[in-house]
Amino acid sequence: MATTDFPSEIRALRSTLDTIRKVTDPEALTAQIADLSEKASAPDLWDDPEAAQAVTSALSHAQAELDRVAKFTGRIDDLETLVEMATEGEGADDAETLAEAEAELVSIRKDLGELEVRTLLSGEYDKREAVVTIRSGAGGVDAADFAEMLMRMYLRWAERHGYPTAVLDTSYAEEAGLKSATFEVKVPYAFGNLSVEAGTHRLVRISPFDNQGRRQTSFAAVEVIPLIEQTDSIEIPENEIRVDVFRSSGPGGQSVNTTDSAVRLTHIPTGIVVSMQNEKSQIQNRAAALRVLQSRLLLQRQAEENAAKKALAGDIKASWGDQMRSYVLHPYQMVKDLRTEYEVGNTAAVFDGDIDGFIEAGIRWRRGQQN
C-alpha cells in the first residue's frame, strides 16, 4: 500500500510553483527574450564585443529562467500520471512504480526548492556577477593557509556549476597560503548567491605547521561585491586616485612577471586600496583594478543608503556577526553556519566546493531578517 500522500504532495508542489511563477513573471520574461533576441540578431552586434557578450549572456540567462519554470509543470504532470498508473486499475499499488514516483517526488521537491531560493534573490544587485576577495586574519601561517583553502572551496563550487571564473590578484604569504586573493565569478546571480558568504570564517584544527601538534584557531575574511556595469553611475575623478605600479609577486615560475605591470589603486577619499597583478599588461591590470574599485564604491554607497534608512526606522541591530561560520576539523569534524544553524559533518566535501546547502540556508535566513 502507498504510504506517501501523493495528492497532498502534488498540490503542495503546484502551490509552490504558482508562487514562483508570480515572482519570476513568465510573461515579462517572454517579452524580455523577444527584445534581446531582436538585439542579438542585429548585423552590427559584434562591432562592440563587450556589449554583444552582455546581450547574448542576458538572452541565454532569460531563456534558461523561462525554461526552468516551464519544465516543472511537465514534471509535476508526469508525476501525477505515474501515481495514477501505480494506484488505479489492475496495477494498483504497483510497488516498483510507486517507488519510481516516490523518487521523482523527492527530486522535484529538491529542484523546486532550489528554484524557490532563486526567487528570493530580488536585491538591487543580486543579478550581478560577483567579485570575491579573501583575506587571511588572525592565526599566522594557519590563517594564510585557511585563506587559500577558502579560495579553492569557492573556485571548486563555481567549477561544479560550470560557472566561469577569473583570478584577478593573489598575494602570497611568506611560508604558505595567501595573504589575500581576488577573483570574479562571471555568471548572473553570482553576487546574490555568494553575498551570503561574506563575513568572518573560523577554522579550528591541529596545525600542520606546529611541530608540537597543537590545536590552532585561525580566521579569514570573505568580501563579496557586485561587478560594476556600464550603466552604473560611479565616476571617480582622476585626482581622487593614486596609482602605484610594481612588479608582480608569486611563488615562482613562468607566471611571475618580470616587468612593473602590477597596479595598485588607492581611492584617496575613502582609503580603499585595490591591487591587480594577474593580467599581462599594466593597462589591463589598471582597467581590472578600476572596475573592482568602482564595484566597491558602489556597494559602499548602497550600504550607506541602507544604514540611513535603518537609522530613520530606528533599527540599529547589526545584520551580520563578526563570525558567521566555523570549520572544525578537531576534535570532531563539522562545518556550522552560526546565523542559520545549518551544519554538515563532511568537512572534506565542503572544502571541495559542496556549499550549496549553506548558500541556500543563508539566502532564506537573509530574507527572514529583511521581513
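Placed above this text is the structure.
Small disclaimer: the values here were computed from a predicted structure and weren't measured.

Visitor: Kindly report on unusual backbone geometry, identifying the contributing residues and their values.
Guide: Cis rather than trans, the peptide bond between His330 and Pro331 has omega equal to 10 degrees. Along the chain, Pro331 turns up in the loop between strand E9 (325-328) and strand E10 (334-337). A positive phi angle is found at Tyr189, which is not glycine, with a value near 75 degrees. Note on placement: Tyr189 falls in the loop between strand E3 (178-185) and helix H6 (190-194). The class of Tyr189 is buried, set by a relative accessible area of 8%. Here the phi dihedral of Glu341 falls at roughly 70 degrees; this positive angle occurs in a residue that is not glycine. When you line up the elements, Glu341 lands in the loop between E10 and strand E11 (343-344).

Visitor: Requested: an account of the sheet that holds strand E6 (residues 241-246), with residues and values cited.
Guide: Pairing is antiparallel across the open sheet formed by three strands, whose spatial order is E6-E7-E8. Edge strands, defined here as strands with exactly one partner in the open sheet, are E6 and strand E8 (272-276). Averaged over all pairs of adjacent strands, the angle between their axes in this sheet comes to 15 degrees, without regard to strand direction. When strand E7 (residues 262-267) meets E8, the two strands line up antiparallel, connected through five bridges. Across the sheet, Thr266 pairs through a bridge with Val273, a residue of E8.

Visitor: So what's going on with the nonpolar core? Residues and values would help.
Guide: Residues Ile134, Leu150, Met153, Tyr154, Leu194, Tyr327 and Ile355 are the most contacted members of the largest nonpolar core, which totals 56 residues. By residue number, the principal contributor to this core is helix H5 (residues 140-161), which donates nine residues. With near-sequence residues (within four places) excluded, Ile355 lies in contact with Met153, Tyr154, Trp157, Glu197 and Val350. Among the nonpolar cores identified, the runner-up in size contains 18 residues, and Phe72, Ile76, Ala101 and Leu105 belong to it.

Visitor: Pulling in residues and values, what's your account of the packing of aromatic side chains?
Guide: For the structure on display, the rule yields four aromatic pairs. Judged by centre distance (5.5 Å) and plane angle (70 degrees), the ring pair of Phe146 and Tyr327 falls under edge-to-face. Pair noted here: Phe146 is in helix H5 and Tyr327 is in strand E9, with a separation of 181 residues, a long-range link. Across this residue pair, the class does not change: Phe146 and Tyr327 are buried. Residues Trp157 and Tyr163 carry aromatic rings whose centres are separated by 5.4 Å and whose planes lie at 70 degrees to one another, so their mutual orientation is edge-to-face. Using a relative accessible area of 21% as the deciding quantity, one classes Tyr163 as partly exposed. Three or more aromatic residues joined by ring pairs make a cluster, and in this case those are Phe146, Tyr327 and Phe351.

Visitor: Can you break down helix H2 (residues 26-40) residue by residue, with the values?
Guide: Relative to the 21 Å expected for 15 residues at 1.5 Å per residue, H2 spans 20 Å between its end C-alpha atoms, a close match to the ideal helical length. All of the buried residues in H2 are Pro26, Leu29, Ile33 and Leu36. Angular distribution of buried residues about the axis of H2 spans 80 degrees; they occupy a single face of the element. Looking at H2, the residues exposed on the side facing more than 90 degrees away from the buried face are Glu27 and Glu38. Residues of H2 that are buried make contact with helix H1 (6-24) and helix H3 (49-87).

Visitor: How would you summarise the sheet that holds E11 if you had to cite specific residues and measurements?
Guide: Within the open sheet, the eight strands sit side by side as E2-E3-E1-E5-E4-E9-E10-E11. Their pairing is mixed. Either end of the sheet is taken by a strand with one partner, and the two such strands are strand E2 (165-172) and E11. Where strand E4 (residues 199-206) and strand E5 (residues 215-226) come together, eight bridges link them in antiparallel fashion. In the sheet register, Gly199 faces E5, and the bridge partner there is Val222. Relative to E5, H5 is tilted by about 45 degrees, and along the sheet it contacts strand E1 (130-136), E2, E3, E4, E5 and E9. Here helix H9 (residues 356-370) sits on the sheet and contacts E9, E10 and E11; the angle it forms with E10, its principal contact strand, is near 15 degrees.

Visitor: Give me the lowdown on the side chain of Arg205, citing residues and values where you can.
Guide: Residue position: Arg205 is located in strand E4. For Arg205, a relative accessible area of 8% corresponds to the buried category. Side chain to side chain, Arg205 and Asp142 meet in a polar contact 3.0 Å long. Not counting the four nearest positions on each side in its chain, Arg205 is found in contact with Asp142, Asp145, Met149, Arg214, Arg215, Gln216, Leu329 and His330.

Visitor: I'd like a rundown of the pattern of salt bridges, residues and numbers included.
Guide: Counted according to the given criterion, the structure contains 26 salt bridges. Between Asp352 and Arg156 there is a salt bridge, with its nearest N and O atoms 2.9 Å apart. Placement of Asp352 in the loop between helix H8 (347-351) and H9 and of Arg156 in helix H5 is noted, with a sequence separation of 196 residues between them. Across the pair Asp210 and Arg214 runs a salt bridge whose closest N-O atoms are separated by 2.7 Å. Three or more residues joined by partner-sharing salt bridges are found here, namely Arg152, Arg156, Glu159, Arg160 and Asp352.

Thresholds, definitions, all that
- Residues numbered from 1 in each chain as written.
- Predicted model: local features only at pLDDT ≥ 70, side-chain atom pairs only at ≥ 80, totals over all residues.
- Heavy atoms only, no water.
- Helix = DSSP H or I, 4+ residues; strand = E, 2+ residues; numbered from the N terminus.
- Buried < 20%, exposed > 50% of the residue type's maximum accessible area, 1.4 Å probe, protein only.
- Pairing = 2+ DSSP bridges.
- Axes fitted to C-alpha atoms, helices over the stretch in contact; angles between N-to-C directions.
- Core = buried A, V, L, I, M, F, W, Y, C linked by side-chain atoms within 4.5 Å.
- Contact = heavy atoms within 4.5 Å.
- Phe/Tyr/Trp six-rings, centres within 6.5 Å; stacked < 30°, edge-to-face > 60°.
- Expected span 1.5 Å × (residues − 1).
- Arc of directions from axis to C-beta.
- Polar contact = N/O pair within 3.5 Å; in protein donor to acceptor, adjacent residues only side chain to side chain.
- Salt bridge = Lys/Arg side-chain N within 4 Å of Asp/Glu carboxyl O.

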